[in-house]
Amino acid sequence: MALTAPPSGVTAPRASRRRASFVKIAPYVFLTPFYVVFLLFIAGPTLFAIYLSLHSWAGLGSFSFVGFDNYTNLFTNDDFHAAAGNTAWYVLGALLIVLPLSLGLAAVLNAHGVRWKGFFRTSFFLPIVLSPVIVALLFNILFDTGTGLVNGVLSSVLGVPPVGWLDTPVWAKVTIVLVLIWRYTGYLMIFFLAGLQNIPRELYEAASLDGAGPFRQFSRITIPMLKPVTAFVVVIVLTGTAQIFEEPFILTNGGPGNASLSITQFIFRAAFQRQEFGLAAAAGVLLFIVVFAISRVIASVFGIGKESQ
Amino acid sequence: MTAVSYREDARVTPHRNKSRGRKLALIGTHVGLFFWLIVALTPLIWALSGSFKPIEDIFVSPPQIIPERPTVANYTDLFSTVPFFGWFMRSILIAGGTAAFSTFFCALAGFAFAKYRFPGEKILFNIMLSSLMIPFAIILVPLFIEVTRMGLSNQYIAYSIPFLIPAFGIFMMRQFIVSVPTELLEAARIDGCGEFRLFLGVVIPVIRPALGALFVWFFLTVYNDFLWPAVIVSDSSRYTLTLGLNSLRTAYSTEYGLVLAGTMLAALPTLIIFILLRKQLIEGLTAGAVKA
């Protein structure tokens, strides 16, 4: 695949030399736009975040160096504690409920003899193309304690008294996890589905000739063969839900109290409502470190990264 | 319950028993699928039908799927009480422009990684991949300060900044361009085709479906985003759709018909694009994950 200059003699020598030298620099030219954007808007701000997290700055005036004060302040900040705990619940909810559910749906949809596969796949995927703002606005109305459809159905079908989906501390977190389930299950399903379709049929045929039943085949063939896709999906879910913002912002505004506040929402408030830019930056850096460390652990548990590329 | 449950096998179980079991499993499978279909679509159908009802009928129990007294008042109110058209056009233009820009440059960078061998390639590739690990939450605050200092807050150009040339797109484009036959490129070179013309004339046409998928994904990302515009835009005459919808919630919290009509109209372009290009989009998104 290595590139060589076009054979000389076909074109005039000078033009050919010029072209040969452009072949050498072409990849760098093609990559320049990305690296300019990367330096200006990703790497630069990341370094600036670390710098900012060691300083106190209220939006005006100069930065004053405060060492690790912002970090120690975070550890004693009640709102940050609540935000970290809630975000952990969202991530766990997504990993422990959405992930198995999407794998189950994919397995069901991939089964022999299932009809309207394309229709189901498209319909299940649909929620993810809607803005989280739209979703949160709809669920805000659907989960209203007094007038919402959910409580209406629950009380008329099961006779249950109205549940305070959005205004009691525990239910507020549950509702946000429900929104995550609704929005992400069909999206993650398509990755598992693609993974399932990639498993060679012969493996199952050989296994069933050897007398392995469906459950044995699932645990011995399907699960191990899905390892790379699962690792990929786990990382998407982790980095996505660790930064959850719109759902708590619109559904509950982090409430009641700070019972459903997320870390990104904490950063938003610290920076843009209280002008504590250093504290906000420190929370961002901490989030990054934790997410990065967990992703590394997941990558090594799933044994990926070694044979990558 | 799984893919493997219904495989033919030549075991000794009596035939009739087996096929009855299979039939039951298949029925169970479809029950499960229809259950999730209802879960996924009910909120949308409820909202769509509610947007055509007068406010008194929206919360009637049992809910009416087909409005008994259909009205378009919610939609006409939307255009007369808030600048919905402006929000809508701004979102469409910003998302379309950003997606076109990013798709083009992702493909160009993906081409470089897929079809050239050059010194520093490995380091550059790893730097590109490492940018995937940086969560937006860490750069939100410093990027806001940077953009404000550049004098770009409330400027349309600033709306695009976090969405320019994402590494994920480069990675996906590389996966697709790798499979473009190198002989095709060599043949064009011998015909005197320059490197950039090679990209435009040979690579782009071959990967067109993947480009479409990436464009749609980028469009949806920008069109749907809320956090960045919420930070960078303070001037309400420059609101995008998501900011506008959120302002509806705070200003007209009890006018549910208005909110429902707004969300349905906002969802319309994404639904149209998705339904037209669903196959490319779903296959394009998963190709990177499975091949990688």
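Residues numbered from 1 in each chain as written. Chains lettered and ligands numbered in written order. Predicted model: local features only at pLDDT ≥ 70, side-chain atom pairs only at ≥ 80, totals over all residues. Heavy atoms only, no water.

Q: Explain the overall build of chain B here, please?
A: Counting its secondary structure elements, chain B contains 14 helices and 0 strands. Secondary structure elements in chain B, listed N-terminal to C-terminal, are α-α-α-α-α-α-α-α-α-α-α-α-α-α. Computed over its C-alpha atoms, the radius of gyration of chain B comes to 25 Å, more than 25% above the 19 Å expected for a compact globule of 292 residues. A principal-axis box enclosing the C-alpha atoms of chain B has dimensions of 75 × 70 × 35 Å. Burial status across chain B gives 53% buried among its 292 residues. Sequence-distant contacts, at least 24 apart, represent 73% of the contacts inside chain B between residues at least 6 apart. Per element, the accessible surface of chain B, about 13,200 Å² overall, is 67% carbon and sulfur. Where the 23 positive side-chain charges of chain B centre and where its 16 negative ones centre are 10 Å apart. (Helix = DSSP H or I, 4+ residues; strand = E, 2+ residues; numbered from the N terminus. Rg over C-alpha atoms; globule rule 2.2 N^0.38 Å. Buried < 20%, exposed > 50% of the residue type's maximum accessible area, 1.4 Å probe, protein only. Contact = heavy atoms within 4.5 Å. Areas by Shrake-Rupley, 256 points an atom, 1.4 Å probe, with all protein chains shown as cover. Lys, Arg positive; Asp, Glu negative; His and termini not counted. Charge placed at Lys NZ, Arg CZ, Asp CG, Glu CD.)

Q: How do you make sense of the overall build of chain A when you look at a structure like this?
A: From N to C terminus, chain A includes 13 helices and 2 strands. Based on the C-alpha atoms only, the size of chain A along its principal axes is roughly 85 × 75 × 35 Å. In chain A, which comprises 309 residues, the share counted as buried stands at 52%. The long-range share in chain A, meaning contacts at least 24 apart out of those at least 6 apart in sequence, stands at 64%. Split by element, the accessible area of chain A, about 13,800 Å² in all, is 67% carbon and sulfur.

Q: How do you make sense of the domain arrangement of chain A when you look at a structure like this?
A: All names here are of chain A. Looking at chain A, the domain boundaries give domain 1 (13-53) and domain 2 (78-301). Averaged C-alpha coordinates put domain 1 and domain 2 at centres separated by 36 Å. The interface of domain 1 with domain 2 comprises 4 residues on the first partner and 5 residues on the second. When domain 1 packs against domain 2, the two sides together hide about 340 Å² of surface, and 84% of this comes from carbon and sulfur. The largest share of the area that domain 1 buries against domain 2 comes from Ala49, Leu52 and Ser53, three residues that together contribute 83% of it. At the junction of domain 1 with domain 2, the criterion picks out 0 salt bridges. Inspection of the domain 1/domain 2 interface yields 0 residue pairs in polar contact (both at pLDDT 80 or more). Of the residues contributing to the side of domain 1 that touches domain 2, the split by class is 3 nonpolar, 1 polar and no charged. (Domains from an automatic or database assignment. Buried area = accessible area lost by both parts, 1.4 Å probe. Salt bridge = Lys/Arg side-chain N within 4 Å of Asp/Glu carboxyl O. Polar contact = N/O pair within 3.5 Å; in protein donor to acceptor, adjacent residues only side chain to side chain. Nonpolar A, V, L, I, M, F, W, Y, C, P; charged D, E, K, R; others polar.)

Q: Can you walk me through the confidence of the model for chain A in this structure?
A: Do not read the fine detail of predicted coordinates wherever pLDDT is low. All names here are of chain A. Summary statistics for chain A give a mean pLDDT of 87 and a share of 91% for residues scoring 70 or more. By mean pLDDT, the top-scoring element of chain A is helix 12 (residues 263-272) (95), and the lowest-scoring one is helix 9 (residues 214-225) (85). Every residue in residues 1-12 is under pLDDT 50, and counting partners more than four places away or in other chains gives 18 contacts. (pLDDT = per-residue confidence, 0-100.)

Q: What's the story with the domain arrangement of chain B in this structure? I'm lost.
A: Buried accessible area, meaning the area lost when the parts come together, often serves as the stated size of an interface. Residues and elements named next belong to chain B. In terms of domains, chain B is made up of domain 1 (15-73) and domain 2 (75-291). The C-alpha-based centres of domain 1 and domain 2 are spaced at 33 Å. The interface is formed by 12 residues belonging to domain 1 together with 9 residues belonging to domain 2. Between domain 1 and domain 2, the buried area comes to about 840 Å², and carbon and sulfur atoms account for 74% of it. Three residues, Ser51, Val72 and Ala73, lead the burial of domain 1 against domain 2; their summed loss comes to 43% of the area buried on that side.

Q: Help me understand the pattern of salt bridges, please; the structure alone is not making it clear to me.
A: Where charged atoms of side chains with opposite charge meet at close range, the side chains can pair. Considering all chains together, one arrives at 10 salt bridges over all chains under this definition. Between Glu247(A) and Arg183(A) there is a salt bridge; the shortest N-O distance is 3.9 Å. Here Glu247(A) is found in helix 11 (residues 246-251), whereas its partner Arg183(A) is found in helix 7 (residues 169-197), with 64 residues between them in sequence. Residue class for Glu247(A) comes out buried when judged on its relative accessible area of 5%. Classification of Arg183(A) by relative accessible area gives buried; the value is 8%. Measuring nitrogen to oxygen at the nearest pair gives 2.8 Å for the salt bridge that ties Arg69(B) to Asp57(B). Taken together, the residues Arg69(B) in the loop between helix 2 (55-58) and helix 3 (73-81) and Asp57(B) in helix 2 connect sequence positions 12 residues apart. When its relative accessible area of 44% is taken as the criterion, Arg69(B) is described as partly exposed. A network of salt bridges, in which partner residues are shared, links Arg121(A), Lys279(B) and Glu283(B).

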